[in-house]
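# Residue-level structural notes
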Amino acid sequence: MAGFAPLELPHAPELSLENALASYGFEVCFRCVQVRKMDVLSESDPYLVITDVASGKELFRSETETDDPNPNFRSKWRSPRMERDALTNKQLRFDVYDEDVGSDDHIGTYTATLADLIQSMKTKFRMDLANPKAKGYNGGLYAYIDPVIDTTNFELLITAKITGAGSRKVFARLCRGSYDIHVTPVHVWDALKGNMIDFEAYSTTFVDFLLGDSQRMFSLELHEGAGWKPGKCKLLGNTQCSLGSIGAAGSGASITWVREASSGGATASVNYSVSNAPQRIELDFHIALEK
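Owing to the predicted nature of the structure, the values given are computational and were not obtained by experimental measurement.

## A few points about the overall build of the chain
Helices and strands together make up the secondary structure of the chain, namely five helices and 19 strands. Just so you have it, the chain exposes about 13500 Å², and 49% of that area is on carbon and sulfur atoms.

## Things to note about the pattern of salt bridges
The tally for this structure, following the rule as stated, stands at eleven salt bridges. In this structure, Arg 126 engages Asp 128 in a salt bridge whose closest nitrogen and oxygen atoms are separated by 2.9 Å. In this structure, the salt-bridge partner of Arg 280 is Glu 282, at a minimum N-O distance of 2.5 Å. Given a relative accessible area of 27%, Glu 282 falls into the partly exposed group. Within the structure, one salt-bridge network assembled from shared partners comprises Glu 27, Arg 78, Arg 176 and Asp 208.

## Points about the packing of aromatic side chains
Summed over all chains, the structure comprises seven aromatic pairs. Arranged with centres 5.3 Å apart and planes meeting at 55°, the rings of Phe 209 and Phe 218 form a pair that is tilted. By the burial criterion, Phe 209 is buried, and Phe 218 matches it. Each ring, one from Phe 218 and one from Phe 285, has its centre 6.2 Å from the other, and the planes form 80°; the classification is edge-to-face.

## Some points on unusual backbone geometry
Positive phi, close to 55°, is recorded for Gln 34, a residue that is not glycine. Within the fold, Gln 34 resides in the loop between strand 1 (25-33) and strand 2 (46-52). Judged by relative accessible area, which is 53%, Gln 34 ranks as exposed. The residue Asp 67 is not glycine, and still its phi comes out positive at about 50°. Of note, Asp 67 is situated in the loop between strand 3 (58-61) and strand 4 (77-79). Given the relative accessible area of 39%, Asp 67 is considered partly exposed.

What counts as what
Residues numbered from 1 in each chain as written. Predicted model: local features only at pLDDT ≥ 70, side-chain atom pairs only at ≥ 80, totals over all residues. Heavy atoms only, no water. Helix = DSSP H or I, 4+ residues; strand = E, 2+ residues; numbered from the N terminus. Areas by Shrake-Rupley, 256 points an atom, 1.4 Å probe, with all protein chains shown as cover. Salt bridge = Lys/Arg side-chain N within 4 Å of Asp/Glu carboxyl O. Buried < 20%, exposed > 50% of the residue type's maximum accessible area, 1.4 Å probe, protein only. Phe/Tyr/Trp six-rings, centres within 6.5 Å; stacked < 30°, edge-to-face > 60°.

Structure follows, in structure tokens:
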């Protein structure tokens, strides 16, 4: 099959502040940098809470990232379409806490409007966390906000296979790219040992994975380590592509694989098929580790 012709795959247009939320909802991903160390024997265990200042209602709470001063939160904040008045006037408070046994420690806070975030659409919005009870730098919080095109949706079934791993313990991680190349982890396939590794299929949707944008880049990463821990495993390499580029290249095409010189090398190819009943795209990645 020579492309994705049977399915209409939309691409997000350039959005102005005036029509961004009137036309689309949005999703925000978060990460922290250099979070203040609140524990004596280890790094902080940070999590994020977003609150509507006017009502006091909690809008979002992330998971806790254990012993990590630079967490990349996996959970995302998704919001529906919103009128411009609400966009301009809604005040939000962003609080980062260190989870502890008993009471949690407050690391820092930042207050902004939704309009402040939307001004940084398709890039990133930086917030320096403030805490009047603590001296020095408390850490930074980055928000990555993107429009969500929800007019077309269908199932995505993604599988990955690795050959040539031998006795090496490897992990494959699927990430969605943002417009400044920042990537957000979406799914991790657990490590297995053996010359051929067939990972369990990952089922998602076009909107949940790529926010409904066929040109949004995503990354398939290959890591090696005794156990999965972001930043602790060795990155062997990664490949970046989009559904649009895969469809244009044709099934079975090779995709560019970026790797460290010490990784031993790798090649990658992808096969895909399209089904209209129900609407579904299947992607099958084959990663071959060079000896």
